[in-house]
Amino acid sequence: MGTPAVAVRGLVKRYGAVEAVRGIDLEVARGETFGFLGPNGAGKSTTINILCTLVEPTDGHAEVVGLDVVRDRAAVRRRIGLVFQDPTLDAPMSGEQNLRFHQELYGVDRRRAAARREEVLRMVGLWERRGDEVRTYSGGMRRRLEIARGLLHSPQVLFLDEPTIGLDPQTRGTIWDYVAELHRNPQNQGDEEITVFVTTHYMDEAEHCDRIAIMNEGRIVALDTPDALKAQVGADRVALTTDDDEAALAALRSELGLEGAVREGAVTVAVPDGAGFVPRLFDRLGHHGVGIRSVTVTRPSLDDVFLAHTGTTIRDAEAGPGAARGLHPMAMRMRGR
């Protein structure tokens, strides 16, 4: 199989009494699009900062393309590209000037420099705007320019730390189109297919990855393909808005033997066959005089996977303790395995 693009063993990072990364193990294959999914503060960015040699680990070992991130820092940096969570472009300069400055920093062969700038700018749809100052670019255009900059020196691994944060859904989708393009046309990046390592807290973005690691409170709680992780949950989620949530929860327990929970303004319950369950649900809650205003049935999602492994949704995890009531039945079932 060869040397993995990323290999991590027992990685720990502490900031005083705070343990941001708590002993994670991880391996990413070359050419893979790998995602770190989790709420803000889960330890995703800290892990990427370690892999990109910006932060030294407290304990454990990490390698990128076979190079130790502590001992071989300079060599690692030559082989990676990085798009930071916060913007790092020079706004008064033009898009092409930003790229030219980056090439000089990385010592890109001057005989190929101009052609390479054109390649990456065309790829992200900014060739026609190359001479405009970055201050005139939209947020999505700036992100696309940062991705182009990260690809200029043909890195073997491209790290994207929350690359679409703060962007509208349409622009987020466009950014992911460019990420997919890296694998459709690997010749644009050099001789070797590029590995993409991305962090996100958007569930729909994680679906684009070959594999994802779900991270929470500094630990990896699940790791597999998106489809395999959803198959582990194995239940539909029924969400209903009612006139009396507490009465609905009590009726679910007494009449149907099910434990529900109130999540994001709706009573939710996990069942094997959501569509077949709805008529029984209406009958039993109606028997208890509980008015139902709406019902939705959804197949397992990555949010359900996160819920099953942590007992909370990503949104509730970011909101902090006490944001949701009760341990969701999916979490109860997964913890009982």
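Residues numbered from 1 in each chain as written. Predicted model: local features only at pLDDT ≥ 70, side-chain atom pairs only at ≥ 80, totals over all residues. Heavy atoms only, no water.

- The protein chain goes by ATP-binding cassette domain-containing protein in an unreviewed UniProt entry, where it is assigned to Actinomycetospora lemnae.
- Per its UniProt entry, the protein chain bears the Subcellular location (unreviewed entry) comment "Cell membrane".
- Under the UniProt heading Sequence similarities (unreviewed entry), the entry covering the protein chain gives this text: "Belongs to the ABC transporter superfamily. Drug exporter-1 (DrugE1) (TC 3.A.1.105) family." (UniProt positions renumbered as here; feature names shortened; annotations may be inferred.)

**Side note on the sheet that holds strand β4 (residues 59–64)**
Inference 1: With antiparallel pairing, 4 strands are arranged side by side in an open sheet as β2-β1-β4-β5. Looking at strand neighbours, the two that pair on one side only are β2 (18–28) and β5 (67–68), the edges of this open sheet.
Inference 2: Two strands pair when backbone bridges link them, and β4 and β5 are joined in this way by 2 bridges, in the antiparallel orientation. Its bridge partner lying in β5, V64 is registered against L67. (Pairing = 2+ DSSP bridges. Helix = DSSP H or I, 4+ residues; strand = E, 2+ residues; numbered from the N terminus.)

**Thoughts on unusual backbone geometry**
Inference 1: For E217, which is not a glycine, the phi torsion comes out positive at approximately 50°.
Inference 2: On the secondary structure map, E217 appears in the loop between β9 (211–216) and β10 (219–224).
Inference 3: Take E217: its relative accessible area is 54%, and that puts it in the exposed class.
Inference 4: In this model, E264 sits at a positive phi of 50°, which is unusual for a non-glycine residue.
Inference 5: Within the secondary structure, E264 is located in the loop between β12 (261–263) and β13 (266–271). (Buried < 20%, exposed > 50% of the residue type's maximum accessible area, 1.4 Å probe, protein only.)

**Concerning helix α11 (residues 302–310)**
Inference 1: Among the 9 residues in α11, 8 count as buried, and that is most of the element.
Inference 2: Every buried residue of α11 is listed here: L302, D303, D304, V305, F306, L307, A308 and T310.
Inference 3: Between the side-chain oxygen of the N-cap and the backbone nitrogen of D303 there are 3.3 Å, and the N-cap of α11 in question is S301.
Inference 4: Looking one or two places after α11, you find G311, whose phi comes out positive at around 80°. (Polar contact = N/O pair within 3.5 Å; in protein donor to acceptor, adjacent residues only side chain to side chain.)

**With respect to the packing of aromatic side chains**
Inference 1: Enumeration according to the criterion identifies 4 aromatic pairs in this entry.
Inference 2: Judged by centre distance (5.5 Å) and plane angle (40°), the ring pair of F159 and F197 falls under tilted. One end of the pair, F159, is in strand β7 (residues 157–161); the other, F197, is in strand β8 (residues 195–200), and 38 residues separate them in sequence. Note on accessibility: F159 and F197 belong to one class, buried.
Inference 3: Ring pairs connect the aromatic residues F34, F36, F159 and F197, which therefore count as one cluster.
Inference 4: Above the ring of W127, the side-chain terminus of R130 is found at 3.8 Å from the ring centroid.
Inference 5: Between the NZ or CZ atom of R172 and the centre of the ring of Y202, over which it lies, the distance is 3.8 Å. (Phe/Tyr/Trp six-rings, centres within 6.5 Å; stacked < 30°, edge-to-face > 60°. Lys NZ or Arg CZ within 6 Å of the ring centre and 35° of its normal.)

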